[in-house]
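Structural characterization, general
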Amino acid sequence: DTEVTQTPKHLVMGMTNKKSLKCEQHMGHRAMYWYKQKAKKPPELMFVYSYEKLSINESVPSRFSPECPNSSLLNLHLHALQPEDSALYLCASSQDLLNYGYTFGSGTRLTVV
Amino acid sequence: KNEVEQSPQNLTAQEGEFITINCSYSVGISALHWLQQHPGGGIVSLFMLSSGKKKHGRLIATINIQEKHSSLHITASHPRDSAVYICAASPFTDKLIFGTGTRLQVFP
């Protein structure tokens, strides 16, 4: 298995809802990433997990809460989002930090209404 | 000035044409990545380079470390190559610095 699988592919949520995005990989990669991408812009890094521990939080608002239950799974919990949080959320993994290629998922298209 | 600059921003080609996308960076790097993103879709990693040249099918990527410059070439372009191509630098950290992307359209 050489893929990063993200679910759901599309999500519409209200500003008072709580939802979660899921990312899964079975390549034995030890680093996992969440990116946010707005239309026609490059991805912006949100969080990095290395060996299941949060190593980077790019000053992301607390309404986004990452979780790494095990080495294959990465979640992003969403609560009280704003319409401007609507974006494509991409998960990626890498064998380890530095000097390794990245494998990206196909993303979750999130719309906040 | 962005640390990773790509040119051109937009590129239109006829099927069969040879295409070149350029990337210049101003930071020290451990590797340079070329990524492909189709509209509304996820990102596919095409190449990771730290020196020299790599080839995969009709795609060729080169890097000149001294000049801090990389190029992505597509030979015999095809409409299915239409996508956004993104150059991204790994500056000896666990972050990628992304270029703004090159939007390529190949017409039959």
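As a starting point, this report considers the structure included with it. (Residues numbered from 1 in each chain as written. Chains lettered and ligands numbered in written order. Predicted model: local features only at pLDDT ≥ 70, side-chain atom pairs only at ≥ 80, totals over all residues. Heavy atoms only, no water.)

Time to look at the sheet that holds strand β3 (residues 19–25) of chain B. Residues and elements named next belong to chain B. Spatial strand order, β1-β3-β8-β7-β6: 5 strands in an open sheet with antiparallel pairing. Among the strands making up the open sheet, the edge pair consists of β1 (4–7) and β6 (52–56). Across the sheet, the mean angle from the axis of one strand to that of its neighbour is 15°, orientation sign disregarded. Relative to strand β8 (residues 69–74), strand β7 (residues 59–64) is paired through 6 bridges, and the arrangement is antiparallel. Bridged to I60 within β8 is H73. (Pairing = 2+ DSSP bridges. Helix = DSSP H or I, 4+ residues; strand = E, 2+ residues; numbered from the N terminus. Axes fitted to C-alpha atoms, helices over the stretch in contact; angles between N-to-C directions.)

For the peptide bond that leads from T7 of chain A to P8 of chain A, omega is -10°, which places it in the cis range. Residue position: P8 of chain A is located in the loop between β1 (4–7) and β2 (10–13). The linkage connecting S7 of chain B with the following residue, P8 of chain B, adopts the cis geometry, with an omega of -5°. You can see P8 of chain B is positioned in the loop between β1 and β2 (10–14).

On to the pattern of salt bridges. In the structure shown here, the tally under the stated rule is 5 salt bridges over all chains. A salt bridge links D85 of chain A to K36 of chain A; the nearest nitrogen and oxygen atoms lie 4.0 Å apart. One end of the pair, D85 of chain A, is in the loop between β8 (73–79) and β9 (87–94); the other, K36 of chain A, is in strand β4 (residues 31–37), and 49 residues separate them in sequence. Considered together, D85 of chain A and K36 of chain A belong to a single accessibility category, that of buried residues. Residue K95 of chain B is joined to E58 of chain A by a salt bridge in which the shortest nitrogen-to-oxygen separation is 2.9 Å. With one member in each of two chains, K95 of chain B in the loop between β9 (83–90) and β10 (97–98) and E58 of chain A in the loop between β6 (53–57) and β7 (64–70) form a pair that bridges those chains. On the basis of relative accessibility, which here comes to 33%, the residue E58 of chain A falls in the partly exposed class. A cluster of three or more residues bridged by salt bridges with shared partners is formed by K36, R63 and D85 of chain A. (Salt bridge = Lys/Arg side-chain N within 4 Å of Asp/Glu carboxyl O. Buried < 20%, exposed > 50% of the residue type's maximum accessible area, 1.4 Å probe, protein only.)

Our focus in this paragraph is the pairing of β9 of chain A. Residues and elements named next belong to chain A. Counting buried positions over the 8 residues of β9 gives 8, a clear majority of the element. Relative to β9, β4 is paired through 7 bridges, and the arrangement is antiparallel. From the neighbouring strand, Y35 faces β9, where its bridge partner is L90. Pairing between β9 and strand β11 (residues 108–112): 3 bridges, direction antiparallel. When the bridges of β11 are listed, A87 appears paired with L110.

All names here are of chain B. Structurally, Q36 is set in strand β4 (residues 31–37). Given a relative accessible area of 12%, Q36 falls into the buried group. A polar contact of 3.1 Å, which involves the side chain of Q36, links it to the side chain of Y85. (Polar contact = N/O pair within 3.5 Å; in protein donor to acceptor, adjacent residues only side chain to side chain.)

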